[in-house]
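Understanding the architecture of this molecule
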Amino acid sequence: MLDTLTGMYFTVDDLDGSYGTGQVVRLAADGIYFVRFDGNEVDLPLELASLGEMLETTDDGYKLWRFFDTIEERDKWIEWLDAPSKPRVISLVRPSKD
């Protein structure tokens with residue numbers, strides 16, 4: 001069985017707008033992984049997640065789980081995600097035709 005998720009870092013969105021972070025620790029069984037969420041002080045994996053859960057999307061088609069090869073890539077994503085949006089000025093007046 002091909003295992004491409006072990007060692008990957010992730011973010012997982014919650015429906016309330018918050019998100020969790022962690023790492024896929026290892027394959028537990030066919031299509032089921034041990035994952036460790038950040039903030040857990042215990043060295044043993046505490047959660048099981050299935051591929052079905054990891055592939056879930058919202059009603060609008062947005063992925064809930066995002067995977068990253070390195071913690072730096074994940075942190076860059078989080079930094080972009082948490083950055084306040086910069087307002088843009090858009091002219092709503094059409095230029096006059098001379």
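In the block above lies the structure referred to throughout.
The notes below deal with the structure included here. Keep in mind it's a predicted model, so treat the numbers as computed, not measured. (Residues numbered from 1 in each chain as written. Predicted model: local features only at pLDDT ≥ 70, side-chain atom pairs only at ≥ 80, totals over all residues. Heavy atoms only, no water.)

In spatial order, the strands read 4-3-2-1-5; together these 5 strands make up an open sheet with antiparallel pairing. The open sheet is flanked by strand 4 (47–50) and strand 5 (65–68), the only strands paired with a single partner. For this sheet, the mean angle separating the axes of adjacent strands, direction not counted, is 40 degrees. Pairing of strand 1 (residues 9–13) with strand 2 (residues 19–29) involves 5 bridges; the strand directions are antiparallel. Bridge pairing links Val12 to Gly20 in strand 2. (Pairing = 2+ DSSP bridges. Helix = DSSP H or I, 4+ residues; strand = E, 2+ residues; numbered from the N terminus. Axes fitted to C-alpha atoms, helices over the stretch in contact; angles between N-to-C directions.)

What follows concerns the pattern of salt bridges. Scanning the entire structure with this criterion turns up 3 salt bridges. Close ionic contact of Asp13 with Arg66 constitutes a salt bridge, the shortest N to O distance being 3.0 Å. Here Asp13, found in strand 1, pairs with Arg66, found in strand 5; they are 53 residues apart in sequence, far enough to count as distant. On the basis of relative accessible area, Asp13 is assigned to the partly exposed category, the value being 26%. Judged by relative accessible area, which is 22%, Arg66 ranks as partly exposed. Here the salt bridges share partners, and the residues they tie into one network are Asp38, Arg74 and Asp75. (Salt bridge = Lys/Arg side-chain N within 4 Å of Asp/Glu carboxyl O. Buried < 20%, exposed > 50% of the residue type's maximum accessible area, 1.4 Å probe, protein only.)

Here we take up the side chain of Arg74. Turning to its location among the elements, Arg74 is positioned in helix 2 (residues 71–82). Side-chain polar atoms of Arg74 contact the backbone oxygen of Gly22, separated by 2.9 Å. (Polar contact = N/O pair within 3.5 Å; in protein donor to acceptor, adjacent residues only side chain to side chain.)

Before going further, it helps to spend a moment on the packing of aromatic side chains. Applying the stated rule across the entire model yields 5 aromatic pairs. With centroids separated by 5.3 Å and ring planes inclined at 85 degrees, the aromatic side chains of Phe10 and Phe37 adopt a geometry described as edge-to-face. Taken as a pair, Phe10 in strand 1 and Phe37 in strand 3 (residues 32–37) lie far apart in primary sequence, 27 residues in all. When its relative accessible area of 22% is taken as the criterion, Phe37 is described as partly exposed. Aromatic pair Trp65 and Phe67: ring centres 6.1 Å apart, planes at 20 degrees, arrangement stacked. Judged by relative accessible area, which is 8%, Trp65 ranks as buried. For Phe67, a relative accessible area of 27% puts it in the partly exposed group. An aromatic cluster is built from Phe10, Phe37, Trp65 and Phe67, whose rings are joined through pairwise contacts. (Phe/Tyr/Trp six-rings, centres within 6.5 Å; stacked < 30°, edge-to-face > 60°.)

So, about the environment of Thr6. Take Thr6: it is sitting in the segment before strand 1. Assessed through its relative accessible area of 35%, Thr6 is described here as partly exposed. Between the alpha carbons of Thr6 and Val24 there is a distance of 5.2 Å; along the sequence they are 18 residues apart. Not counting residues up to four positions away in its chain, the partners in contact with Thr6 are Val24, Val25, Arg26, Leu27 and Tyr33. Within the local environment of Thr6, its side chain forms a polar contact with the side chain of Asp3, the two groups lying 2.5 Å apart. (Contact = heavy atoms within 4.5 Å.)

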